[in-house]
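Single-letter residue listing:
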Amino acid sequence: MLAEGISVSSRSLGLGRRATAVAGSGLLAVALTTSMVTAQAQPPAPSAVGSTTPALIAAAKPATSIGGYIVLMSGEPAAVYDGGVTGFQATAAGKRGTYDSSSAAAGSYTDYLRDRQSSAAQSVGATAFYHYTTSLNGFAASLTASQVSMLRNRPGVLAVVKDRVLKPTLVDTPSYLGLTGPGGAWRRLGGDDPATGAGSGLTVGIIDSGVNDESRSFASVGTGVPADWNGTCQQGSDSTFQCNDKLIGGRYFDQAARAFGSIAPEEFQSPDDFEGHGTHVASTAAGEVRPRSPINGTDYGVIGGMAPAAKVASYKVCWEIPDLTTCNAFTSDSVAAIDAAVADGVDVINYSIGGSPSTSPIEPVELAFMYAADAGVFVAASAGNSGPTTSTVDHGSPWLTTVAAATYFNSESTVLLGDGTRMVGASISPVGVAESPLVYAGDILDPAYSEVPNNGLTADQEARLCFPGSIDQGQADASIVICDRGTNPRVEKSQVVADAGGVGMILVNLTFDGVVSDVHSVPTVHLEANYRDALLAYVHSAPNPTAAILAGVHRGSTTPTPPAIAGFSSRGPSVVAEGDLLKPDISAPGVDVDAATAPEGPIGQGNNFAIISGTSMSSPHIAGLAALILQKHPTWSPMEVKSAMMTTARNLTDTHNPFDQGAGFVDPREFMDPGLVYNSDYNDWADYLSGQGVTLNGRPFTNTPIRASNLNLASIAVNQMAGRESVKRTVTNVDDTTATYHSEVRGLQGLTTTVTPATLTLAPGETGSFRVIFSHDDAKFRQYTSGYLVWQNASHIVRSPVVVDPVGVDAPTAARIPARAGRTIEVRSGFTGTMGHHVGGLVAGVDRAGTAQNSQQAGDPLDRNNYVRPIQVDGPRVVVRLQTLPDFDADDLDLYLLDGTGAVVAESASPGASEQVTATGLPQGRYFIVVEAFDVHADAPSTTFTVRSWKVGKSVGNLTVMPATQQVRTAGMYSWRMKPTGLDDQSSYLGVVRWTRVKKGRNPILGETLVSVR
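Residues numbered from 1 in each chain as written. Predicted model: local features only at pLDDT ≥ 70, side-chain atom pairs only at ≥ 80, totals over all residues. Heavy atoms only, no water.

Focus on unusual backbone geometry
Going from glycine 572 to proline 573, the amide bond is cis rather than trans, its omega being 0°. That bond from methionine 962 to proline 963 is cis: its omega, 0°, falls within 30 degrees of zero. Within the secondary structure, proline 963 sits in the loop between strand S53 (959-962) and strand S54 (966-968). Here alanine 577, not a glycine, exhibits a phi torsion of approximately 60°, which is positive. Looking at the secondary structure, you find alanine 577 in the loop between strand S26 (546-550) and strand S27 (586-589). Note on alanine 577: relative accessible area 3%, which makes it buried. Backbone geometry places alanine 971, a non-glycine residue, at a positive phi of 70°. (Helix = DSSP H or I, 4+ residues; strand = E, 2+ residues; numbered from the N terminus. Buried < 20%, exposed > 50% of the residue type's maximum accessible area, 1.4 Å probe, protein only.)

The following block contains the structure:
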C-alpha cells in the first residue's frame, strides 16, 4: 500500500490520504437496505469484448459524474479552538455542547478560517462552494487534476480528498425497549408529553434526506424555540416548508449534488423530504407519540420516537438523482451539514448514511464527527447493510456509536401449498388469501413486454423479478404469484402483481439475505432462499398448483426469538485500526420499524407512515435514547453516554458474537444507572491517530501514540496477538456512593486472562485504572475468541465485550529490502516450537502502456472510458500487485481490480496519479485491471500511463531467508535475514515470505511478509 504523511500542528488534525486495497464498493460504502430497495439478482458474467473489455463494462449504463474535492486545512475548527492564534480568542465548547457560534469570538475566528480557505482556493483559480469552519477546517470545490496537484503542495493544506457519493442505510419499539409503562424510562423523565416529557431540553439533529414538516410527528408543542438555538429554517424554492417549536431547524445542502449530479425534477429544493427516509429516521429518534394514519388502509396503532419531547433539526443532504438508485449524499454536502449542526447547537446527531470500511482511520465525515464529539455532541451512525459478510461494518471511528440492526418482534405468515407443504416467512399482512392458483412470474412473461434497456437483464429475467408490465395479466389474474427478490424494490413487485390482477405474492430470495415484512399491495409472504427449489419444483410438477396464505399462522417457524441479529446488518471485524477496535458498538431495533414518512416519495407511496428495515432504522433508536441519557445526566460526555449503553446491553437470542451484536441489544431499563463508565476525549483520539501512522509534517502526530487496543473504550479488541498482550483501561464511578467492584472474565476459551488489580474501590466521581493481560494457551490461531470483562458489585454489572485474535506469528506485513545488502526483520512468535518459512518469488514487475479517457462517470470502475485489461490468477496462494506509473503527475488516476462479475476486489483511489493495490488469497479465475482517469491534466480528453503488475507464486530461487528454521518460544522476538541474488538493475521485484510452524508431516502457514525490491 501507498501511504502519505499528514501535516498538522498540535491539536489541529489534518487529513491525508492512504491508497488502500479494500473489498467492496468502489464508492464509499452503500449502507441502504430499507424495505424499498434491494439488489440480489445476479448480472450476466462478463466475457471478453475485443481483447480486453468485459461485457459488463461494455454494456454499463451511463451514470452521473460525481467529481469534486474536499481540501483540509491546518488549524483547529471553531468548535474546538482553544486559542493560540494571535488576535483570536478561544472559541472551544465547554463541558458537553456549549459552543456558541453566535459569539463575537466565534464570528471573528470563523472569518479568519474562511479567509485562509478562500486564499488557498484563489491561489489555484478555484472557488469554494462550501467553507467548513465549525467541526472541520477546510472547503469543498470543483478542481481540475492540476489544481489538486498544486493545492497538495501548498503550505497550510493538509490533504485533498475526493468527494464521494454516499447512501442511506435504510409492535412498537418504545414498548419493547421498556420506555413505556409504570417502570419505564419515560416515566422517570416526565412521560411522553411532547412538551415536557422524555427528551425535553435536548435537540436531535438528523442528517438525512430532509423531513416532512407536515407530519403529525413534528407538530407544534407550544413551548417555543430554545433561547440558545442558533439554527435557521430555510425554505428554498419550496416556500411551504415551515418550522415550529418541535421542528426547530431545517437546512439543505445540495452544492455537490447539483454541481456533480442531476437532482431529480420531483425533488424539493428545500429541507422538505421527498424520499421519506429522513422523516422516518427523525420520527424514530424524536417523533411525538401520536396515533398513526393507516398504511394502505390498515391501522397499526400508535407511534412514538425514543425521545418524544426532544426538539428536531433536519439537515438535508440526500437527494434523488436520476440513474443512481435511492437518494444520494455527497461527502462535501454531509460535512457542511455536520458543520452547521454543531454551530446551530444540537446535542445529538444521527447519521443513517453509509461510511467507509477502508483501512484509513480518517475520512472527512468521520473527522468532522470527531470534532463534533469533542464539542460534546453525541453521534450515532448506521453500521451498514452488507451483512452477513464479515468485515463490512461502516463507521469504524471510536468517537461515534456504530449501530447494528436487530429484530424486536416476529411478524410471520405461512404459505400452504396444495400438497400440504408449509413454508413460513416474513409478513405483516393482516389478512390471508384463500386457496388460489399458484404461478411463477418467470413462466408468465407478457408477450407484448419490452425489456428495460441497458440493465443487462433479459425480458425473461425481468419477468421473474416482476418488473412493471412484465407479467401476463390473463395468467396472473386471481392467482398467487411467485416473484424473485432482487434489482427492483420489493414493494414494487407486489404492486405489479396487483396491477396484473393477482391476489397474493410469494417473494422468495435467490440467496440467503434475510426476509422483511414490508407493507405490500397484496397479501405477501417473504421466504428465504432455502424454500425456493421446493417451491418451484411444486409449481412445475403439480397438474394444477395452488397455494393459500395463512396470515399470522407460523407453526414450524424457525425464526429466532427477538431480539435477533438482522441478516443484512453489517458485521465486524472492522478493518479500521487493523481490527484493534471493536465495531459495531451496539445493536438496536432495525427490522420492520414503523415511523412517519413523506407520502410523495418511494417509501411513503401515498402514506404518511411506513414500515421499513435497515441499520438506518437502528441508528436513530440509539440517537434518541442518547438524548434521554443526556436529559438525566447533562454533564456526561458523548463517550460516557456510549459507555453507559454498551456496558448495560443484553445479548441477542441467536448470537453473542460481538462482531454481530457489538456489546449487545440496548437496554433503557438499565443504562441510566451504569455504575462505571469508560471515557475518552480528543487527546486520547489524537494518540490513537498517531498510533495509526498519522504524522505532523513527517513527524509523529503526538509524542504518546497508542495502539488502538489501548484506547479507553467500553470494549476490547486485540488483533494479531502473538503469545501475549496487555491492554489498559480506566473507569469512573458515576454512582453517588463509594463502591467496590470485583472483576470477572467470561468466555475467551483458549486464553489465560488476568485483570490487575482484580478489585477496584472508587469514591463518587473517582477514576481507577486496570490492565487486562491475555496469554495464549490452546486457542486456535487466526480464529477469534470472544468473551466479556465484567465489573460487578451488589447493584451493578458493568460488562464489556472482548475479542482476541491469536496468531502464530506477528510479522511485518511488508518489507522493502536493498537489492544487494538485504535486510534483517524481527518476527514475534505466538507459539513454542520450530518456526520456518516458504518463499514465493521474487518476480519482476511487467509494464504495459495504457490509455484512458477523461472520466464521465467519476468513481465508477465500470465506466466505458476506463482502461481495462484481464489478468489470470492460477492458484489460491498467488499474490497480485498492481501499480500505476503516470506519464503526467497532474493526472488523478484510480486503480481497481475487479472479479469476473465486475465486483470490486481491491481499489486505490487517492487524489493523485500513483496508485497501488495488493490482493492475496484470490480464488483461481479471470480478473480485470481497471484504471480510471478520474481527472486529467489540463482538462485533456485522455491521458497515458503505465500499469505495472506482479503475480507471485512459487520461489524462483533469487530470495534467501536465513536461518532456515529457528527454535522459538511464545511471545519471543526472532531475527531473520533476507538476501536477494541475481536481480537486474532496472526491474522492480515482489516476493512473499510465508512463516510456518514446522511440524511432523505438515508445516501450517501462520502469516506472511510481502517483500519488495526497488
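Some words on the sheet that holds S54
Spatially, five strands are ordered S42-S57-S56-S44-S54 in an open sheet, and the strand pairing comes out mixed. Since the sheet does not close on itself, it has two edges, and those belong to strand S42 (814-816) and S54, each with one partner. On average, adjacent strands in this sheet sit at an angle of 30° to one another, irrespective of strand direction. (Pairing = 2+ DSSP bridges. Axes fitted to C-alpha atoms, helices over the stretch in contact; angles between N-to-C directions.)

Examining helix H9 (residues 364-374)
Taking burial as the measure, the 11 residues of H9 include 10 buried ones, the bulk of the element. Listing the buried residues of H9 in full gives Pro364, Val365, Glu366, Leu367, Ala368, Phe369, Met370, Tyr371, Ala372 and Ala373.

Some remarks on the state of the cysteines
The tally for this structure, following the rule as stated, stands at three disulfides. Disulfide pairing is shown between cysteine 233 and cysteine 243; the S-S distance is 2.2 Å. Its torsion about the S-S bond being 90°, the disulfide of cysteine 233 and cysteine 243 is classed as right-handed. Taken together, the residues span a long stretch of sequence, with cysteine 233 in the loop between strand S10 (203-208) and strand S11 (247-252) and cysteine 243 in the loop between S10 and S11 at a distance of 10 residues. Looking at cysteine 233, the relative accessible area reads 29%, which means it is partly exposed. (Disulfide = S-S within 2.5 Å.)

Section: the packing of aromatic side chains
A full pass over the atoms with the stated rule returns 18 aromatic pairs. Pairing tyrosine 130 with tyrosine 132 gives two aromatic rings, centres 6.2 Å apart and planes at 25°, and the pair type is stacked. Classification of tyrosine 130 by relative accessible area gives buried; the value is 10%. When the ring of tyrosine 867 is compared with that of phenylalanine 945, the centres are 5.7 Å apart and the planes differ by 90°; the resulting orientation is edge-to-face. One end of the pair, tyrosine 867, is in strand S46 (residues 867-873); the other, phenylalanine 945, is in strand S52 (residues 942-952), with 78 residues separating them in the sequence. Residue tyrosine 867 is classed as buried on the basis of its relative accessible area of 10%. Members of the aromatic cluster, each reached through a chain of ring pairs, are Tyr81, Phe88, Tyr109 and Tyr112. Of note, arginine 258 hangs over the ring of tryptophan 319, and the distance from its end group to the ring centre comes to 5.9 Å. (Phe/Tyr/Trp six-rings, centres within 6.5 Å; stacked < 30°, edge-to-face > 60°. Lys NZ or Arg CZ within 6 Å of the ring centre and 35° of its normal.)

Considering the environment of aspartate 254
Secondary-structure assignment places aspartate 254 in the loop between S11 and helix H6 (255-260). The exposure class assigned to aspartate 254 is buried, which follows from its relative accessible area of 4%. For the pair aspartate 254 and serine 270, spaced 16 residues apart in sequence, the C-alpha to C-alpha distance is 9.4 Å. If we skip the residues at most four places from it in the chain, aspartate 254 touches Tyr130, Ile263, Gln269, Trp319 and Asp333. (Contact = heavy atoms within 4.5 Å.)

A closer look at the pattern of salt bridges
As enumerated under the stated definition, the model contains 19 salt bridges in all. In this structure, arginine 251 and aspartate 344 form a salt bridge, with 2.8 Å as the shortest nitrogen-oxygen distance. Note that arginine 251 is positioned in strand S11 and aspartate 344 in helix H8 (residues 331-344), a separation of 93 residues in sequence. Judged by relative accessible area, arginine 251 falls into the buried class, the value being 19%. We note a salt bridge from glutamate 725 to arginine 707, for which the minimum N-O separation is 3.0 Å. Placement of glutamate 725 in strand S34 (residues 724-733) and of arginine 707 in the loop between strand S32 (699-700) and strand S33 (716-721) is noted, with a sequence separation of 18 residues between them. A residue is classified by how much of its surface remains accessible, and arginine 707, at 28% relative accessible area, is partly exposed. A network of salt bridges, in which partner residues are shared, links Lys162, Arg164, Asp892 and Asp894. (Salt bridge = Lys/Arg side-chain N within 4 Å of Asp/Glu carboxyl O.)

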